[in-house]
Amino acid sequence: MGVGAVWGLAIATFVAAAVEVVEAFTVVLAMGVTRSWRSALVGSAAALVALAGFTAVTGYALVTWLPRSALQLTVGTLLLIFGLQWLRKAILRSSGRKAEHDEDEAFRRQSEAARAAGGQRRLGLDWFAFLVSFKATFLEGVEVVFIVITFGLNAGNVPVAVAAAGAAVVVVVAAGAVARAPLSRVPENTLKYGVGLMLATFGTFWAVEGLGALRPGGASLTWPGADAAILVLLAAWFLLSRGLITRYRRVPEGVAR
């Protein structure tokens, strides 16, 4: 794996993970400020333990049970579906069809919900703060794990993907600790657009390579130009997305053509 590919893997994983961590951080911050920091942090820690187990089982199953071409096809297809969901939302936001994500607004909603909730305690913890923090950390973490496993396994360099995701966690948490507020200055909507493009690009690349699993011998297919095809795919997805954004901006909502 060349230096350029390693950096590409690291940057893609870092950005994708950072977006998810920012959203989880906002929820935990709201629970800590309005309810109980101890309960919120314990909930997040419990979610991280659960994620570690989930990661170990999922990674082992994928590596052990699937040959390389089948792994590429399976993971590439899932990554493509996942990326298209992100890209769809980004296109709708950029065209004005969907409100942009606002961390300050998300923090306000979570804080209001926390204040309105009851004061049930279990195991010495504020149960509402614990459960909400656990859920937010686990769900956002599952997406990070999915990205790390898919990027790492298909690129043949899981350690780089893990290190990049870990760096994203450290950077976001450190920035949040310094700011002591939602990280609303992070260009999250732009990052999500970029992540959607990357997920769709790599998903297409690996899914097509994995189609070799359907032919005799099961060897992976090879793209013309090898890894350079990734740049062509990225440009194609970008141009397609910009075309859709332009179209949606011109066509009034609810008018079909």
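Structure's up top.
Scope of this entry: the structure provided in the associated data block. Because the structure is a prediction, the values reported are computed rather than measured. (Residues numbered from 1 in each chain as written. Predicted model: local features only at pLDDT ≥ 70, side-chain atom pairs only at ≥ 80, totals over all residues. Heavy atoms only, no water.)

1. Topic: the environment of R249
On the secondary structure map, R249 appears in helix α8 (residues 229-250). Residues R249 and N189 lie 60 residues apart in sequence; the distance between their C-alpha atoms is 17 Å. In this structure R249 touches S94, S95 and R242, once residues within four positions along its chain are discounted. (Helix = DSSP H or I, 4+ residues; strand = E, 2+ residues; numbered from the N terminus. Contact = heavy atoms within 4.5 Å.)

2. Brief notes about the packing of aromatic side chains
For the coordinates displayed, the defined rule picks out nine aromatic pairs. Here F82 and F146 contribute two aromatic rings whose centre-to-centre distance is 5.2 Å and whose plane-to-plane angle is 90 degrees, an arrangement assigned as edge-to-face. Of this pair, F82 sits in helix α3 (residues 68-94) while F146 is found in helix α5 (residues 127-155), placing the two residues 64 residues apart along the sequence. Classification of F82 as buried rests on a relative accessible area of 13%. When the ring of F205 is compared with that of W223, the centres are 5.7 Å apart and the planes differ by 10 degrees; the resulting orientation is stacked. (Phe/Tyr/Trp six-rings, centres within 6.5 Å; stacked < 30°, edge-to-face > 60°. Buried < 20%, exposed > 50% of the residue type's maximum accessible area, 1.4 Å probe, protein only.)

3. Details of the pattern of salt bridges
In this structure the tally under the stated criterion is five salt bridges. Among the salt bridges present, the one from R109 reaches E105, with a minimum N-O distance of 3.9 Å. Note that R109 and E105 are positioned in helix α4 (residues 103-116) at a spacing of four residues, about one turn of the helix. A salt bridge links R108 to E112, with the nearest nitrogen and oxygen atoms 2.6 Å apart. Taken together, the positions of R108 and E112, both in helix α4 and four residues apart, correspond to about one turn of that helix. (Salt bridge = Lys/Arg side-chain N within 4 Å of Asp/Glu carboxyl O.)

4. Considering the side chain of E209
Here E209 is to be found in helix α7 (residues 188-210). Those residues in contact with E209 that lie beyond four places of it in its chain are Q72, S220, L221 and W223.

5. So, the environment of F205
Relative to the helices and strands, F205 resides in helix α7. Residue contacts for F205: discarding those within four places in its chain leaves W223, A226, D227, A229, I230 and L233.

6. Re the nonpolar core
Counting residues in hydrophobic clusters, the biggest one holds 43 residues, and the most contacted among them are F151, V172, V195, L199, F202 and F205. At the level of secondary structure, the elements contributing two or more residues to this core comprise α1 (3-34), α3, α4, α5, α6 (158-179), α7 and α8. For this core, the element with the most residues is α1, which contributes 15 residues. Membership of the second largest hydrophobic core comes to eight residues, among which are L87, Y193, L197 and I245. (Core = buried A, V, L, I, M, F, W, Y, C linked by side-chain atoms within 4.5 Å.)

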